[in-house]
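Each chain, letter by letter, is given below.
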Amino acid sequence: MSEGRLERRFKREVEKRGGLALKFTSPGRRGVPDRIVLLPGGRTLFVEMKAPGGQREPLQQKCARDFQAIGFSVYCLDSEEAINRFLKEVFG
């Protein structure tokens, strides 16, 4: 499955559960995750979507570490199975 198809499925599944999975870009910072996920209750997560088997680039890895250092959760999803694990972890 392509990265685009995975991303559309991810967005749809998050929205079905009451959250938002917004496309995220930061003009002043490269390497930010693809999606900012806003959940009921004010919880915010970041998600990097990859094609199956894809890996984060070094700049994406650094950005994820920076976000995690200040308390945010950052996920990297590259398959339907990874999406399912995310949904189970985040939504129960």
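Please refer to the structure placed before this passage.
One structure accompanies this document, and this report is about it.

Definitions and cut-offs
- Residues numbered from 1 in each chain as written.
- Predicted model: local features only at pLDDT ≥ 70, side-chain atom pairs only at ≥ 80, totals over all residues.
- Heavy atoms only, no water.
- Helix = DSSP H or I, 4+ residues; strand = E, 2+ residues; numbered from the N terminus.
- Buried < 20%, exposed > 50% of the residue type's maximum accessible area, 1.4 Å probe, protein only.
- Disulfide = S-S within 2.5 Å.
- Patch = residues over 30% accessible without salt bridge, like charges linked within 9 Å, V, L, I, M, F, W, Y side chains within 5 Å.
- Areas by Shrake-Rupley, 256 points an atom, 1.4 Å probe, with all protein chains shown as cover.
- Salt bridge = Lys/Arg side-chain N within 4 Å of Asp/Glu carboxyl O.

## A look at the side chain of Gln60
Then comes step 1: Within the secondary structure, Gln60 sits in helix α2 (residues 58-69).
Then comes step 2: Assessed through its relative accessible area of 15%, Gln60 is described here as buried.

## Overview of the environment of Gln61
Then comes step 1: Structurally, Gln61 can be placed in helix α2.
Then comes step 2: Taking C-alpha positions, Gln61 is 28 Å from Arg17, a pair spaced 44 residues apart along the chain.

## Things to note about the state of the cysteines
Structurally, a disulfide amounts to a covalent bond that connects the sulfur atoms of two cysteines.
Then comes step 1: Scanning the entire structure with this criterion turns up zero disulfides.
Then comes step 2: Free cysteine Cys63: the closest other cysteine sulfur is in Cys76, separated by 12 Å.
Then comes step 3: Given the relative accessible area of 1%, Cys63 is considered buried.

## Points about a nonpolar patch on the surface
Then comes step 1: On the surface, Leu20, Leu22 and Leu38 cluster together into a nonpolar patch covering about 220 Å² of accessible area.
Then comes step 2: Residue placement: Leu20 occurs in strand β1 (residues 20-23).
Then comes step 3: You can call Leu20 partly exposed: its relative accessible area is 41%.

## A short note on the pattern of salt bridges
Then comes step 1: Counted by the stated rule, this structure contains eight salt bridges.
Then comes step 2: The salt bridge involving Arg35 is made with Glu7; its shortest N-O contact spans 2.9 Å. Of this pair, Arg35 sits in strand β2 (residues 35-39) while Glu7 is found in helix α1 (residues 3-16), placing the two residues 28 residues apart along the sequence. Glu7 carries the same exposure label as Arg35, and that label is buried.
Then comes step 3: Among the salt bridges present, the one from Arg17 reaches Glu13, with a minimum N-O distance of 2.7 Å.
Then comes step 4: Residues participating in the shared-partner salt-bridge network are Glu7, Lys23 and Arg35.

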